[in-house]
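# Descriptive analysis of the structure
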Amino acid sequence: MKDMYILGIESSCDETSASIVKNGTEEIATVISSQIDIHKSYGGVVPEIASRQHVKNITIVLEECLTKANMKMEDIDAIAITYGPGLIGSLLIGLEAAKTLAFIYNKPLIPVHHIAGHIYANSLVKDFKFPLLAVVVSGGHTELIEMTDHYRFNKLGGTLDDAIGECYDKVARVIGLEYPGGPKLDKLASLGQKTYKLPVPLKDDSYNFSFSGLKSAVINLAHNEEQRGHHLNSEDLAASFQSVAIEAITSKVKKAIVERNIKYVIVAGGVAANNGLRNAITNLAQELNVELSIPPLKYCTDNATMIAAAGYFAYKDNRRANLNLNSKSQDILI
Ligand code: KG4
Ligand code: ZN
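Residues numbered from 1 in each chain as written. Chains lettered and ligands numbered in written order. Predicted model: local features only at pLDDT ≥ 70, side-chain atom pairs only at ≥ 80, totals over all residues. Heavy atoms only, no water.

### Focus: the coordination of the zinc ion (ligand 2)
To be explicit about the condition: For Na, K and Ca the donor cut-off is 3.2 Å; for every other metal, N, O and S atoms count as donors within 2.8 Å. Water does not enter the count, which can leave sites looking incomplete. In this text, helices come from DSSP runs of H or I with a minimum length of four residues, and strands from runs of E with a minimum of two, each type numbered from the N-terminal end. Under the scheme applied here, a residue whose accessible area is under 20% of the maximum for its type counts as buried, over 50% as exposed, and between as partly exposed, the area being computed with a 1.4 Å probe on protein chains only.
The coordination sphere of the zinc ion (ligand 2), as far as protein atoms go, consists of H114 (NE2), H118 (NE2) and D302 (OD), spread over 2.0 to 2.1 Å. In primary sequence terms, the donor set of the zinc ion (ligand 2) follows H-x3-H-x183-D. Here the residue H118 occupies a position in helix α4 (residues 114-120), and D302 occupies one in the loop between α10 (297-300) and α11 (305-316), the gap between them amounting to 184 residues. By the burial criterion, H118 is buried, and D302 matches it.

### Describing unusual backbone geometry
In this model, F130 is joined to P131 through a cis peptide bond whose omega is 0°. Relative to the elements of secondary structure, P131 occurs in the loop between α4 and β6 (132-137). The residue after Y179, namely P180, is reached through a cis peptide bond having omega -10°. Mapped onto the elements, P180 comes out in the loop between α5 (164-175) and α6 (181-189). Phi angles above zero are rare outside glycine, and Y151 is one such case at about 60°. Along the chain, the position of Y151 falls in the loop between β7 (142-149) and β8 (152-158). Judged by its relative accessible area of 3%, Y151 is buried. Positive phi, close to 55°, is recorded for N261, a residue that is not glycine. For N261, the location among the structural elements is in the loop between α8 (234-259) and β9 (264-268).

### A word on the site of ligand 1
Note the following rule: Residues are classed as near a molecule or strand on a simple rule: at least one heavy atom within 4 Å of it. Polar contacts here mean pairs of N or O atoms no more than 3.5 Å apart (in protein, one a potential hydrogen donor and the other a potential acceptor; neighbouring residues in sequence count only if both atoms are side-chain atoms). Areas reported as accessible are Shrake-Rupley estimates using a 1.4 Å probe. Residue values count occlusion only from the protein chains shown. Gly falls in the polar group here, along with every residue not listed as nonpolar (Ala, Val, Leu, Ile, Met, Phe, Trp, Tyr, Cys, Pro) or charged (Asp, Glu, Lys, Arg). Note: domain ranges come from an automatic or database domain assignment.
Surveying the vicinity of ligand 1 reveals 18 residues, the closest of which are H118, G139, D169, G270 and N274. Note that an oxygen atom of ligand 1 is positioned 3.2 Å from one of the backbone N or O atoms of G165. N274 is positioned with one of its side-chain polar atoms (N or O) 2.9 Å from a nitrogen atom of ligand 1. When the free accessible area of ligand 1 is taken as 550 Å², the share hidden by the protein chains comes to 87%. Counting only elements with at least two residues in the shell around ligand 1, the list comes to α4, α5 and α6. A per-class count over the shell around ligand 1 returns four nonpolar, eleven polar and three charged. Of the domains in this structure, domain 1 (5-120 + 299-316) and domain 2 (127-294) are the two that each give at least three residues to the shell around ligand 1.

Take a look at the structure:
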């Protein structure tokens, strides 16, 4: 079969990215322009600023990506675009660029759900084996998704309130860490001990998660210690928080592996970069004798490589969009 080169475009939050991937598994070239330094001073992503930055960056990123790959638009077989979920203004910039290129060069347009992208970041590492369990942990999502085949998603459960990455970022803020606090909190946790007692959230029989109570527990603990004039040991608090947050994830992952007879587990999303979680899931996979895939760090946080990879499998599943495709700030993965 002829090789297929897909151009992926991602702009759902604060990264403008373009990538070319061959046959859904081989990265040819990727460019990511991150806005972290701009949003840092605000303590989080400012949507209006993010969209304006995407406008400034998108053509530069696309041109750089083609140059890096030593390819022209004529060499591209299809264009994969993150249509949602995400920040609507940010999504629209990538979407309009993708639609324009699809129209001018007469290329198929493939709509890709952002979470499908995170999941398919793993296809750049290893071939999928079904049935698999995708553990999706990002700034906006915390979900357990079972897949029986390519592009067949069955959500077993998800967060009832905050996503795990959002919780990391908010707790990091309480500790005084700069945005995005997740990675910094992860580092701090490795230096501390689990001395603070925090509740493991939602210990129930479902596949769901809840992180807002844990976040509030950390905030209350920090305020109480401050009011009592106690020194807050941020390394120990980070370690205590991380252990409970990870326990909340791994207990439900274990339940899903056992109950759904899963043999292959993949981890997806920005929080897949978390060292504590990587270790805990690696140990769990060994204990339960299941195969595991965790993407390298560069594929964990937002990038267009994963969108181009997912786009290949979406294309094979006959998923196409026309020029009426619109961005969606929220959308279920189906
Ligand atoms: O997947 P992603 O780039 O964006 C979304 O789709 O949401 O995930 C970003 C999230 C942020 O909340 C960030 O703090 C978190 O992933 N994150 C981490 C780590 N690296 C990134 N959280 C905990 N530990 C990390 N090492
Ligand atoms: Zn993401």
